[in-house]
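The chain contents come next:
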Amino acid sequence: ASTVSVTPQASGRITGVYFKKGQDVKKGQLLFTLDDRTQNAAIQQAQGTLAKDQALVQQARATLAKDLGQVEQARATLAKDQGQVEQARATLAKDQGLVRQAQATLAKDEAQARYAQAQSNRYGELYKQGAVSQDQAQQYSTNSQASAATLQADREAIANAQAVVRGDQVAIKNAEQVVRGDQIAITNAEAVVQGDQAAIKNAEAVVSSDQGALENVQVQSTYTKIYAPISGRAGNILVTQGNVVQAHGTNPLVTIAQIRPIQVSFSVPESNLPQVQKYIQNGKLKVDVTFSGNNARPIPGVLTFVNNTVDNTTGTIQLIGDFDNAQGNLFPGQYVNTTLTLTQEPNATVVPAQAVQNGPNGQFVFVVKPDMTVENTPVTVSSTIDGLAVVPKGVQPGARVVTDGQANLVTGSKIRIKTASDSAAPVSSKSGKHRSSGSKPAGGDS
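Residues numbered from 1 in each chain as written. Predicted model: local features only at pLDDT ≥ 70, side-chain atom pairs only at ≥ 80, totals over all residues. Heavy atoms only, no water.

**Here we look at the side chain of Thr373**
Then, number 1: Mapped onto the elements, Thr373 comes out in the loop between strand E15 (362-368) and strand E16 (374-378).
Then, number 2: Thr373 sits in the buried class, given a relative accessible area of 14%.
Then, number 3: Here Asp371 takes part through its side chain, which lies 2.6 Å from a polar atom of the side chain of Thr373.
Then, number 4: With near-sequence residues (within four places) excluded, Thr373 lies in contact with Val367, Val368, Gly412, Ser413 and Lys414. (Helix = DSSP H or I, 4+ residues; strand = E, 2+ residues; numbered from the N terminus. Buried < 20%, exposed > 50% of the residue type's maximum accessible area, 1.4 Å probe, protein only. Polar contact = N/O pair within 3.5 Å; in protein donor to acceptor, adjacent residues only side chain to side chain. Contact = heavy atoms within 4.5 Å.)

**Things to note about the sheet that holds strand E7 (residues 244-245)**
Then, number 1: Ordered by their spatial adjacency, four strands build an open sheet running E5-E4-E2-E7, and the pairing between neighbours is antiparallel. Each end of this open sheet is capped by a strand with a single partner; those strands are strand E5 (225-227) and E7.
Then, number 2: Of the strand pairs in this sheet, strand E2 (residues 12-17) and strand E4 (residues 30-34) are connected by three bridges, and their pairing is antiparallel. Pairing of Val17 across the sheet is with Phe32, part of E4. (Pairing = 2+ DSSP bridges.)

**As for the pattern of salt bridges**
Then, number 1: One pass over the full model with this rule turns up 11 salt bridges.
Then, number 2: Between Arg75 and Glu190 there is a salt bridge whose closest N-O contact spans 2.5 Å. Here Arg75 is found in helix H1 (residues 37-129), whereas its partner Glu190 is found in helix H2 (residues 134-222), with 115 residues between them in sequence.
Then, number 3: For Arg75, a relative accessible area of 37% gives the class partly exposed. (Salt bridge = Lys/Arg side-chain N within 4 Å of Asp/Glu carboxyl O.)

**Points about helix H3 (residues 273-280)**
Then, number 1: Considered for burial, the residues of H3 that qualify are Leu273, Val276 and Tyr279. Down the axis of H3, the sector holding all buried residues measures 140°, keeping them to one side. Every exposed residue of H3 that faces more than 90 degrees away from the buried side is listed here: Pro274 and Lys278.
Then, number 2: Close packing links the buried residues of H3 with strand E9 (262-269), strand E11 (299-311), strand E12 (316-323) and strand E13 (334-352). (Arc of directions from axis to C-beta.)

**Notes on the pairing of E16**
Then, number 1: In the sheet, E15 pairs with E16 via five bridges, with the strands oriented antiparallel. Each bridged residue has a counterpart across the sheet, and for Val365 the counterpart in E16 is Thr377.
Then, number 2: In this structure, the hairpin formed by E15 and E16 is closed by a connection of five residues, where Met372 is found at a positive phi of approximately 70°.

**A closer look at the side chain of Gln39**
Then, number 1: Note on placement: Gln39 falls in helix H1.
Then, number 2: Of the residues examined, Gln39 reaches a relative accessible area of 11% and is grouped as buried.

**As for the sheet that holds strand E1 (residues 3-6)**
Then, number 1: With antiparallel pairing, the four strands of this open sheet are ordered in space as E1-E8-E6-E3. Strands with a single pairing partner mark the edges of an open sheet, and in this sheet they are E1 and strand E3 (24-25).
Then, number 2: Sheet analysis places E3 next to strand E6 (residues 232-234), joined by two bridges and oriented antiparallel. Bridge assignment links Val25 to a residue of E6, and that residue is Gly232.

**Quick word on the packing of aromatic side chains**
Then, number 1: A full pass over the atoms with the stated rule returns three aromatic pairs.
Then, number 2: An angle of 10° between the planes, with centres 3.9 Å apart, marks the rings of Tyr123 and Tyr140 as stacked. One end of the pair, Tyr123, is in helix H1; the other, Tyr140, is in helix H2, with 17 residues separating them in the sequence.
Then, number 3: Look at Phe364 and Phe366: their rings are 5.4 Å apart centre to centre, the planes differ by 85°, and that puts the pair in the edge-to-face class.
Then, number 4: Phe364 sits in the buried class, given a relative accessible area of 13%. (Phe/Tyr/Trp six-rings, centres within 6.5 Å; stacked < 30°, edge-to-face > 60°.)

**Details of the nonpolar core**
Grouped burial of nonpolar side chains is what soluble globular proteins tend to show.
Then, number 1: Core analysis: the biggest nonpolar cluster contains 20 residues, and Phe266, Val289, Leu303, Leu319, Phe323, Leu330 and Leu340 have the highest contact counts within it.
Then, number 2: Residue assignment for this core shows that the elements contributing at least two residues are E9, H3, strand E10 (286-290), E11, E12 and E13.
Then, number 3: For this core, the leading source of residues is E9, giving four residues.
Then, number 4: Core analysis: the second largest hydrophobic core is formed by 18 residues, Ala10, Val25, Phe32 and Ile226 among them. (Core = buried A, V, L, I, M, F, W, Y, C linked by side-chain atoms within 4.5 Å.)

Next up, the structure:
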């Protein structure tokens, strides 16, 4: 049977005792209460710390959301400035085309200027020779000068266009510098976001620790109410209301012994072990217990345990039977007589065990004939129970056998019966039980 010593798991003053000594208690029944003010204060403190750290988690998440918005804003700015770079490059390409166009115009005008200069030189010579008039020579000279002026304008246009191109290149560099700044800003914003995420994880870890601390103090608070761990009968109350107890102390508050069901531990000689193993394979074996000096009806139970080792000091092996003990007749520590029934032989032939003798040819009994002579009759004895030997073969029910004085007899000897009860007894046919018995205490733990 199970016996449990109830000890407190928390320290404190006992504020209530809710049972009486010797009372039957049920599993889960409230037995004691302890002062729980310290535990309640610890719960409130842990709840406050948890609420504070949960607020810090929410704050860290809000900061993350804000910084994620700044990352998105920095990426939008980068996209816009990258568009400015592309636009500046398009302007550069356009202005570089204008430079090439001005250079082509210059080349064309230079060819025209050379032709106009050649015409002016030729007509100037002809004028000197008197071949042409002064007006004609003057006209070609004017054309040459106009071409020279056009060349100068073309060169200035090229210079202006090249200056615009250089401005475009500077604008591109500035725009690319802005883009690089945008990229750095994004990197910095993402680093801030990573820091926010780490801060959230740290804050959540703190909250998890707070929750564990709260659960711990809540569990500690449950220890201020002490319940019966098993159903059974309570012993003496060892600590009364008002006393201060310490957690996990060595002195129990009360001891509860399980009595329904209960176990009975007993031993049989190791020579009986093969029979026990043989019959237990066919099903559960019946165990009956009786009390010494008590003629009450045996209490039935079932064999549930056979130990795995033989006690070398006694040559026995431990067995345990389970009893529902509905009437509560068995108590832990009680000594009882146990009977283990292995099998039954209905209508077995039995003789008094003292009638069986051992001879050179085996076991035998002296059977009394009607003429009061005896005959040596070989028998086979299968077992001996309560002073009766089970004889499967050798004698028939109703035969009379000698139970005393066999040393003076041989086949054919004539006998005289002193009394009907002590010199000869009839062989009977009855139901015999193969069993092993012993006297062992009830309630031992297995």
